[in-house]
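# Breakdown of the fold
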Amino acid sequence: MNQSPTVIEQGISRQHLKTVSCANVLTLAYQSLGVIYGDLSISPLYVYKTTFSGKLSLHEDDEEIFGVFSFIFWTFTLIALFKYVFIVLSADDNGEGGTFALYSLLCRYAKLSVLPNHQEMDEKLSTYATGSPGETRQSTAVKSFFEKHPKSQKCLLIFVLLGTCMAIGDSVLTPTISGRNLKAESSSLDSISILITLFLAVLSAVSGVKLKIPELHENYVVIISCIILVAIFSVQRYGTHRVAFIFAPISTAWLLSISSIGVYNTIKWNPRIVSALSPVYMYKFLRSTGIEGWVSLGGVVLSITGLAVTSVMLVTTCLMTLVMTIVWKQRTITVLAFLLCFGSIELLYFTSCVYKIPEGGWIPILLSLTFLVLMYIWNYGTTKKHEFDVENKVSIDRIIALGPSIGMVRVPGIGLVYTNLVTGVPAVFGHFVTNLPAFHRILVFVCVKSVQVPYVGEEERFVISRVGPKEYGMFRSVVRYGYRDVPREIYDFESRLVSAIVEFVETEPGGGEGSELRRIMEAKEAGVAYILGQSYAKAKQSSSVLKKLAVNVVFAFMSTNCRGTDVVLNVPHTPLLEVGMVYYV
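Since this is a predicted model, take the numbers as computed values, not measurements. (Residues numbered from 1 in each chain as written. Predicted model: local features only at pLDDT ≥ 70, side-chain atom pairs only at ≥ 80, totals over all residues. Heavy atoms only, no water.)

As a further point, take the overall build of the protein chain. Helix and strand counts for the protein chain come out as 22 helices and 6 strands. Within the protein chain, the fraction of its 585 residues that count as buried is 44%. Taking the intrachain contacts of the protein chain between residues at least 6 apart in sequence as the baseline, contacts between residues at least 24 apart amount to 79%. If you sum the accessible surface of the protein chain, you get close to 29,600 Å²; carbon and sulfur atoms cover 65% of it. (Helix = DSSP H or I, 4+ residues; strand = E, 2+ residues; numbered from the N terminus. Buried < 20%, exposed > 50% of the residue type's maximum accessible area, 1.4 Å probe, protein only. Contact = heavy atoms within 4.5 Å. Areas by Shrake-Rupley, 256 points an atom, 1.4 Å probe, with all protein chains shown as cover.)

Following this line, the structure appears as structure tokens:
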């Protein structure tokens, strides 16, 4: 499967950073102007209006205004610049960032192995590098804690899911709310961030026309904004990188304009605003405004993010403390300084935002908790299904004892049996041959699985091994995908798999036999059949009502609507055989 060469879609792998051309890096930087900085540059426009609302509107004098400005400046400096640009971006996972990327690093370095079919050979992937083997006393203690307390691994997973779901819950609502009040997190070059930026920019720009044309009715402002947005959305299908190219010059012009106007107004009207860069004004602001000032910080935080994403910032800070300890192996004093510095700031903002929960902040929180429950049920159901597969798998020795024909009539062709197991023979195979005691001359057990890296190179995609002696004609193929890999629709999986098997036979010790290679190619010409186990998970009769609801209703619904292996690998429907099985978990 060929990966797209566009850097903005792939990310820059650390080990390939030197090979990336300067032009590609400059292109990425240019595109980010149309997304990241366009978003950030619009946000502060609404901070003062939101901050000085309610009871704080009685405190609009120079001291309070300077205090809010100081909060905005230091929030950008400490959170956006120092924390994210200088520290968090350095903890990338082969060019990928975000909550799951940090979690992936921790899983690899701390050997958490939350994926049920993890193998040691996965650790040999070029993108799996875990750095130097040296350990510190602190990193050893943290790893030992996770090893001795398996429940702590589950708690960490839920903690990561919570942070991710908070970002999703905020993103669901933000595009539908006026830019005067909210904005969304712009942590990556994705479509949601672009749409939010455009929504805020278009609505603000069209609303600004009313200053020149006061008689322009509010309804016309909305209609014009919608027309512009529909036109923008219509070009979104051409890709994020192309839209970013279009709006990069617009964002650049906007940034130059507001910076020039800001410098002019500072010099002409109030040069004293420069003194507000002193953090002393933050202390004066809180001292003079008291509880109202603390609550108003929920408006200041809009300069970098929205109502629910402050919790994501806290999650990121906590994960970074683990990364600094386990991955970077920093000293305890350094880790504590990071946690106390950024954690205290974000906790201050988080508590001020919590005050807004009764006023509508409960909506994204409710959405986030809903997504969290769905994700956890999916993780629980798939884990239980895998445990069932492992417990009920057929022994290889039992299959070999049946002889080369494995107790069946071997017909021409290749049979691909899809399974979640990386070892042993799946129960679905025994279920199949019990009802149809005939199978293909070449038998391949195919396991499509995810690994704890963002990308898997095409040369490392397939891991082929032999099941039983050569005369049995049985192979196992483990097909590995990273958490950022997306199988392409135009992907000749069948040919790639057969080529990988042929290459494996040719490179076996002693060299591949010509007769076996001919048998494989003849089987391919005779046709390939796909045997897919259609499993249905059900809770045991002794299970609680809550578990039955989670497994029999929620998990069953998600399984039915989830893309199956046949869709992921573009399996043709004509040679597809589905074998139904019921799993009791």
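Having put the structure on the table, let's press on.
Attention now goes to the packing of helix 5 (residues 62–87) against helix 14 (residues 310–326). Where helix 5 meets helix 14, the closest approach of the two axes is 13 Å, and the angle between their N-to-C directions is 40 degrees. In terms of axis orientation, helix 5 runs oblique to helix 14. Like other packed secondary-structure pairs, helix 5 and helix 14 cross with a definite hand, here left-handed. When helix 5 is examined against helix 14, the residues Ile 79, Lys 83, Tyr 84 and Ile 87 are found in contact with a partner set consisting of Met 313, Thr 316, Thr 317 and Met 320. Tallied by class, residues from the contact of helix 5 with helix 14 come to 5 nonpolar, 2 polar and 1 charged. (Axes fitted to C-alpha atoms, helices over the stretch in contact; angles between N-to-C directions. Parallel < 35°, antiparallel > 145°, perpendicular 65-115°, else oblique. Left-handed = near helix turned anticlockwise from the far one by under 90°. Nonpolar A, V, L, I, M, F, W, Y, C, P; charged D, E, K, R; others polar.)

Scanning the entire structure with this criterion turns up 14 aromatic pairs. Relative to Trp 74, the ring of Phe 73 has its centre 5.2 Å away and its plane inclined at 85 degrees; by these criteria the two rings are edge-to-face. Ring geometry for Phe 429 and Phe 439: centres 5.3 Å apart, planes at 80 degrees, overall edge-to-face. Residue Phe 429 is located in helix 18 (residues 427–435), and its partner Phe 439 is located in strand 2 (residues 438–450); the two are separated by 10 residues in the primary sequence. (Phe/Tyr/Trp six-rings, centres within 6.5 Å; stacked < 30°, edge-to-face > 60°.)

Along the chain, Arg 480 falls in strand 4 (residues 474–481). One polar contact links Arg 480 to Asp 122, side chain to side chain, over a distance of 3.3 Å. In this structure the side chain of Arg 480 is engaged in a polar contact, spanning 2.8 Å, whose partner is the backbone oxygen of Glu 460. Leaving out residues up to four positions away in the same chain, Arg 480 has contacts with Met 121, Asp 122, Leu 125, Lys 449, Val 451, Val 456, Glu 460, Arg 461 and Val 463. (Polar contact = N/O pair within 3.5 Å; in protein donor to acceptor, adjacent residues only side chain to side chain.)

Here Gln 119 shows up in the loop between helix 6 (99–109) and helix 7 (137–148). According to the relative accessible area criterion, Gln 119 is buried, its value standing at 15%. A polar side-chain atom of Gln 119 sits 3.1 Å from a polar atom in the side chain of Lys 449. Dropping the residues within four chain positions of it, Gln 119 is found in contact with Val 422, Lys 449 and Val 478.

This part covers helix 16 (residues 362–391). For helix 16, which comprises 30 residues, the first-to-last C-alpha distance of 43 Å matches the rise-based estimate of 44 Å (1.5 Å per residue) to within 8%. Among all positions in helix 16, only Pro 364, Ser 368, Leu 372, Ile 377, Gly 381, Lys 385, His 386, Phe 388 and Asp 389 are buried. (Expected span 1.5 Å × (residues − 1).)

Most of strand 4 sits inside the fold, with 8 of its 8 residues counted as buried. Side chains Met 474, Arg 476, Val 478 and Arg 480 project from strand 4 onto one buried face, and the interleaved Phe 475, Ser 477, Val 479 and Tyr 481 project onto a second face that is buried too. Pairing geometry for strand 2 and strand 4, over 8 bridges, is parallel. When the sheet's bridge partners are listed, Val 444 is paired in strand 4 with Phe 475. Two strands pair when backbone bridges link them, and strand 3 (residues 462–466) and strand 4 are joined in this way by 5 bridges, in the antiparallel orientation. The partner of Phe 462 across the bridge, within strand 4, is Val 479. (Pairing = 2+ DSSP bridges.)

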